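Each chain, letter by letter, is given below.
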Amino acid sequence: MFGGPAPILAAALLWGTTGTASSLVPTGAPAAGVGAAALVLGGLLLFLSDRSARELPRACGPRERWLLAAGAVAVTGYPLTFYPAVTRTGVAVATVIALGSAPVFTGLLGWLARQGRPSGRWAAATALAVLGCAVLVLGPELAGHGAAVDVLGVLLAALSGLSYAVYSLIGGRLIAAGRPSAGVMGAMFGGAALLVLPVVALGPVGWLLTVRGAGVVLHLAVITTFLAYRLFGHGLRHATAQTATTLTLAEPAVAAVLGVAALGERLPAVSWCGLAVLAGGLAFLAFPARR
């Protein structure tokens, strides 16, 4: 339990604050710019704070360098699609679609890449957790007071789930090959920081100079990027990418509770039932089966 699931679940708890924190940026701050700024700072922290991250590109062979490059590109896709999705669909919907689709993408891509066929236990736990997510999100709609669905926002959230699945699989593959987890995460996120730097430099930066804007970016960079991905990388050393992405479905639960507690959002009874189903699916996967 504490070898793999614990750090991954801890990372999910930190990621659960992302949507709530990003909703507190000053009015007029570009959604993609918020995500890019957080990735620049957080990615550089991951890269510069670990020596193995700086040495890994030189120590890798050509194939692993290509994997690191592809992972960096996938990392850039997440904030550039997730934060605009939050703006268009709201915190809960964007979080659940992104995190709910990621395990499905991870299982399919891992199977296609011949990284192992997903187990029946994983499939059952993932189905249960995704069902809980769906009930959680659709709860207000089922209760008769939900807002209209923004199709573009849903598509952006699904793309962020795909990005998350790709760099989780790549990171898991490199770590399983014996590369240090902190080095793999630092190298991928350091490369991604350089890739998204133009998004920050070419966009409006006035919001970054405010106390509120700087505080939000600092939180996203240090808590939800630097600390969370250090934990996630450690967890990938002891769990498959398929299991890891399913366990991070704990994030929507945290986001929903924070939305109620911090933003005054309301969840109907059916949504709370969805949270219970989600928790059951995660517990089924996190605790090992008896032999």
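Residues numbered from 1 in each chain as written. Predicted model: local features only at pLDDT ≥ 70, side-chain atom pairs only at ≥ 80, totals over all residues. Heavy atoms only, no water.

So, the overall build of the protein
From N to C terminus, the protein includes 13 helices and zero strands. Reading the protein from its N end, one meets helices and strands in the order α-α-α-α-α-α-α-α-α-α-α-α-α. Within the protein, the fraction of its 291 residues that count as buried is 50%. Put simply, of all contacts in the protein between residues at least 6 apart along the chain, 87% involve residues at least 24 apart. As displayed, the protein offers around 12900 Å² of accessible surface, 70% of which is attributable to carbon and sulfur atoms. (Helix = DSSP H or I, 4+ residues; strand = E, 2+ residues; numbered from the N terminus. Buried < 20%, exposed > 50% of the residue type's maximum accessible area, 1.4 Å probe, protein only. Contact = heavy atoms within 4.5 Å. Areas by Shrake-Rupley, 256 points an atom, 1.4 Å probe, with all protein chains shown as cover.)

Points about the side chain of S181
Here S181 is to be found in helix α9 (residues 181–202). Taking the relative accessible area as the measure of exposure, S181 reaches 13% and is therefore buried. The residues contacting S181, other than those within four sequence positions of it, are I175, G233, H234 and R237.

Some thoughts on α9
Compared with the 32 Å implied by 1.5 Å per residue over 22 residues, the 32 Å span of α9 between its first and last C-alpha is a close match. Of all the bends in α9, the largest measures some 35° and sits at V196, one to four residues before the proline P198. (Expected span 1.5 Å × (residues − 1). Bend = angle between axes of the 7 residues up to and from the residue.)

Describing the packing of helix α8 (residues 151–176) against helix α10 (residues 211–236)
Running from amino to carboxyl end, α8 crosses α10 at an angle of 55°, the nearest separation of the two axes being 9 Å. Comparing their axes, α10 and α8 come out oblique. The hand of the α8/α10 crossing is right-handed. Residues Y164, Y167, S168, G171, G172 and I175 of α8 form the contact with α10, whose own contacting residues are Y229, F232, G233 and L236. Of the residues in the contact of α8 with α10, the class split is six nonpolar, four polar and no charged. (Axes fitted to C-alpha atoms, helices over the stretch in contact; angles between N-to-C directions. Parallel < 35°, antiparallel > 145°, perpendicular 65-115°, else oblique. Left-handed = near helix turned anticlockwise from the far one by under 90°. Nonpolar A, V, L, I, M, F, W, Y, C, P; charged D, E, K, R; others polar.)

Remarks on the nonpolar core
Membership of the largest hydrophobic core comes to 70 residues, with the highest contact counts inside it found for Y164, Y167, M188, F189, Y229 and F232. In terms of residue count, helix α5 (residues 62–89) provides more of this core than any other element does, nine residues in total. Setting aside its immediate chain neighbours within four residues, Y164 contacts W15, Y78, L99, A102, F232, A244, T245 and T248. (Core = buried A, V, L, I, M, F, W, Y, C linked by side-chain atoms within 4.5 Å.)

Examining the environment of V73
You can see V73 is positioned in helix α5. In sequence terms V73 and S163 are 90 residues apart; their C-alpha atoms lie 8.6 Å from each other.

Concerning a nonpolar patch on the surface
Taken together, the side chains of L152, L155, L159 and L162 present a nonpolar region at the surface, about 320 Å² in accessible area. Here L162 lies in helix α8. Overall, L162 belongs to the partly exposed group, its relative accessible area being 30%. (Patch = residues over 30% accessible without salt bridge, like charges linked within 9 Å, V, L, I, M, F, W, Y side chains within 5 Å. Salt bridge = Lys/Arg side-chain N within 4 Å of Asp/Glu carboxyl O.)

Here's the deal with the environment of T245
Counting through the fold element by element, T245 comes out in helix α11 (residues 241–247). Given a relative accessible area of 0%, T245 falls into the buried group. Put simply, T245 and G100 are 145 residues apart on the chain and 8.9 Å apart in space, counted from C-alpha to C-alpha. Setting aside residues no more than four positions away along its own chain, T245 makes contact with A102, P103, T106, Y164 and S168.

Here's the deal with the pattern of salt bridges
Opposite charge on two side chains permits them to pair, given that their charged atoms come into close proximity. Here the structure, examined in full by the defined rule, presents three salt bridges. R230 serves as the salt-bridge partner of D50, at 4.0 Å between the closest nitrogen and oxygen. A residue pair is termed long-range when its members are at least 10 positions apart, and D50 in the loop between α3 (31–48) and α4 (51–59) and R230 in helix α10 qualify at 180 residues. We classify D50 as buried; its relative accessible area is 18%. With relative accessibility at 28%, the residue R230 sits in the partly exposed group.

What about the packing of α8 against α9?
Direction vectors running N to C along α8 and α9 enclose 140°, while the axes themselves pass 9 Å from each other. The angle between α8 and α9 places the two elements in the oblique class. In this structure, α8 crosses over α9, and the sense of that crossing is right-handed. On the side of α8, the interface is formed by Y167, I170, G171, L174 and I175, while α9 contributes S181, V184, M188 and F189. Looking at the contact of α8 with α9 residue by residue, the classes come out as seven nonpolar, two polar and no charged.

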